[in-house]
Amino acid sequence: MDYINSVGDEDSVFKIMIATDIHLGVNEKNGIIGNDSFVTFEEILKISRDKEVDFILLGGDLFHENIPSTQCLHKCLSLLRKYTMGDKPITVSFDSNPEENFKHCDHKVVNYLDPNLNISIPVYSIHGNHDDPSGFGRMSALDILSTSGLINYFGKWTDLNNISLKPLLMSKGSSNLAIYGLSNIKDERLHRLFASNNVNFEATANHAKRFNILVLHQNRADRGAKRFIPEDFIPDFFDFVFWGHEHECRIEPEHNVKKGFVVVQPGSSVATSLCDGESVEKHVGILKIEGKKFELQQIKLKTVRPFVFETAKLADWNMKLPTNKTNEAVQDYVAKYIKNKMLPKAREQFTGHPDQPTLPLIRLRLEFTEEYEEFNTKRFSQSLSKYVANVDDAVLLKRDTSNTKRKRKANEYFDLLDEMNDSAIQETSVEDITEKLLDESVGSKKSLSMLLTRALTIGVKNFIDKGDKQALEDLVHHRIAVIKGKLKEESVSEDKIKESISSTMETTMQSKQKIEDDAVELLSSSHRSDRDTKTAIRGTITMNDDSDDDSSFGPLASSSQIASPPAKGRGSRGGRGARARGTTTTRARGRARGAANTSANMSMNISRYTRTIIDDIAPRSPNKKIKLSDNFVNDDDSD
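Definitions and cut-offs
Residues numbered from 1 in each chain as written. Predicted model: local features only at pLDDT ≥ 70, side-chain atom pairs only at ≥ 80, totals over all residues. Heavy atoms only, no water. Helix = DSSP H or I, 4+ residues; strand = E, 2+ residues; numbered from the N terminus. Expected span 1.5 Å × (residues − 1). Buried < 20%, exposed > 50% of the residue type's maximum accessible area, 1.4 Å probe, protein only. Contact = heavy atoms within 4.5 Å. Polar contact = N/O pair within 3.5 Å; in protein donor to acceptor, adjacent residues only side chain to side chain. Pairing = 2+ DSSP bridges. Axes fitted to C-alpha atoms, helices over the stretch in contact; angles between N-to-C directions.

Enquirer: Which parts of the structure should I look at to understand helix H1 (residues 36–50)?
Expert: Side chains of residues three or four places apart in an α-helix project in the same direction, reflecting 3.6 residues per turn. Taking 1.5 Å of rise per residue, the 15 residues of H1 would be expected to cover 21 Å, and the 21 Å separating its terminal C-alpha atoms lies within 8% of that figure. Most of H1 sits inside the fold, with 11 of its 15 residues counted as buried. On its buried side, H1 packs onto strand E2 (14–19), strand E3 (55–58), helix H2 (70–84), strand E15 (283–290) and strand E16 (293–300).

Enquirer: So what exactly am I meant to see when it comes to the environment of Arg-227 here?
Expert: Along the polypeptide, Arg-227 turns up in the loop between strand E11 (211–217) and strand E12 (240–244). When the C-alpha positions of Arg-227 and His-191 are compared, they lie 7.5 Å apart, and in sequence the two are 36 residues distant. A distance of 3.0 Å separates polar atoms of two side chains, one belonging to Arg-227 and the other to Glu-188.

Enquirer: It is not clear to me how the sheet that holds strand E17 (residues 307–313) should be interpreted in this structure. Could you clarify?
Expert: Read from one edge to the other, the open sheet built from three strands follows the order E17-E18-E19, with strand pairing classed as parallel. If you trace the sheet from one side to the other, it starts and ends with E17 and strand E19 (395–399), each paired once. Here the strands of the sheet are splayed against their neighbours by 15° on average, with no regard to which way each runs. Bridging between E17 and strand E18 (residues 361–368) involves seven bridges; their strand directions are parallel. By the bridge assignment for E18, Thr-311 is matched with Arg-365.

Enquirer: How should the side chain of Ser-140 be read in this particular structure?
Expert: By the element assignment, Ser-140 lies in the loop between strand E5 (123–125) and helix H4 (141–148). Of the residues examined, Ser-140 reaches a relative accessible area of 4% and is grouped as buried. Ignoring sequence-local partners within four residues, the contact set of Ser-140 consists of Asn-66, Asp-131, Asp-132, Pro-133 and Tyr-153.

Quick look at the structure:
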């Protein structure tokens, strides 16, 4: 890859602002840090205006939630209107067919060519895993921004089985550019699509002479079980790969020797979780392109709240603890460590920018060995309210279990959660946690047989992270409809129904991937919440009248009977960020426990659903009843 040493013809040099994972609205209800994401986003827009960039390219997760609050959406629209509209002439020619590039949009035109708009800095964006389309109509906040004319939304996938990417083609003077956008897709699914050659990058005219960019929003770090996208999957004709989703800032271009392209990972512009990767200095970049050469100007963001993360072990401090009031002595030492060691490091991050917050984020991850060393971290953190912004979780205690083995608690779900350290929870999606809980319970009384783990965790994720209150219910109805359809096709006799259902379940267990694909397809359908479709699905199910218990939800229960989802944090993705995606430890545990309880409730009701299937396929006669054991939901063939 060649780098620009000196600019020859200024009229042929692209100047592109690249930024990603801005997460507008993260923690917006927090009175201290709620405005941080908007302050930094405005700084990015100011830099773009002052540096006179040709356009802004965003790598996904502009919003922290796919259904942002009205206030969040209003602030975003206001900032975009303020900084991207104006009379500055645009010298970049848009050469591709907008009908193809923006076919999923209502207005299939690049905004600065719309005669009804006056755009001075175009913004192009893909969606991430936080602001992806979901729910009724498969819409996202980016669709709203696209309709308003303030953002050019591209790279939205509409076919889950075959991905065909058409690039945005642009030219400026003698330089030609092709930008391929791949919005977030579930990592395992995209991994399979790449492996089976079902991801197609359409070639362009003068392909070798264009500077080819890929912008994507996926796991880059190897998180196992094919839950990441290896760089080797990316075709070698690309010159520059702009990687979103990973929050750690790695703005320095990294050369892939095997493929020949350069990878740049700008990282998030605001800390969404209190983990080590988020404490790295935040940057954006201005990418200059001339012909097949490029230069990346790294720009440190000056409005980012200072953040210091450290890990320590109490055993390494060699404290002389008194026999009485040991707990208080530990707290005093921790307070001195934060004030004398960590706060000075935070002050070193002050940039002098008038909009930079002064209260820093502090996270001390402290490992202890003895119970008497443990203390109430929330109460302790509140004692630091004059010094830190995160007044609930400045300290994270983690038991050092390297030399001791903890006793298991009676509740297997909570025990599993306790065995996960809190930093891992923060960097793991709800989906991953739920799957772990269910996988650990295989063979127990809570194991599932009608609903597979992967399908259920997808539903739980959509229910909690995206507020899709019908996700679990629709998955159950869909699964029952499939089973009933197979039973009717086979014309199963009444005395063979249970045996046939068990056989169907066994076959299902051997095709887990298809069940997961079906679940994704169902929850991705733009019409699944349509009245007629719901009637068709629900019409196959009629609950028995022998249950008046409102404490558990049946197939026709309203969403209000299911616990409302708690506040959303960072997920992968985590993380990533989440896969997974960030929040405080307390919220992360709450979300995981809520997911576990939801899954347990679903499991306990499967027998009721099964009884419903039998009643519908072969109604009970007055003299003959089919006995169903509650253990049918487990892998137990006994009556």
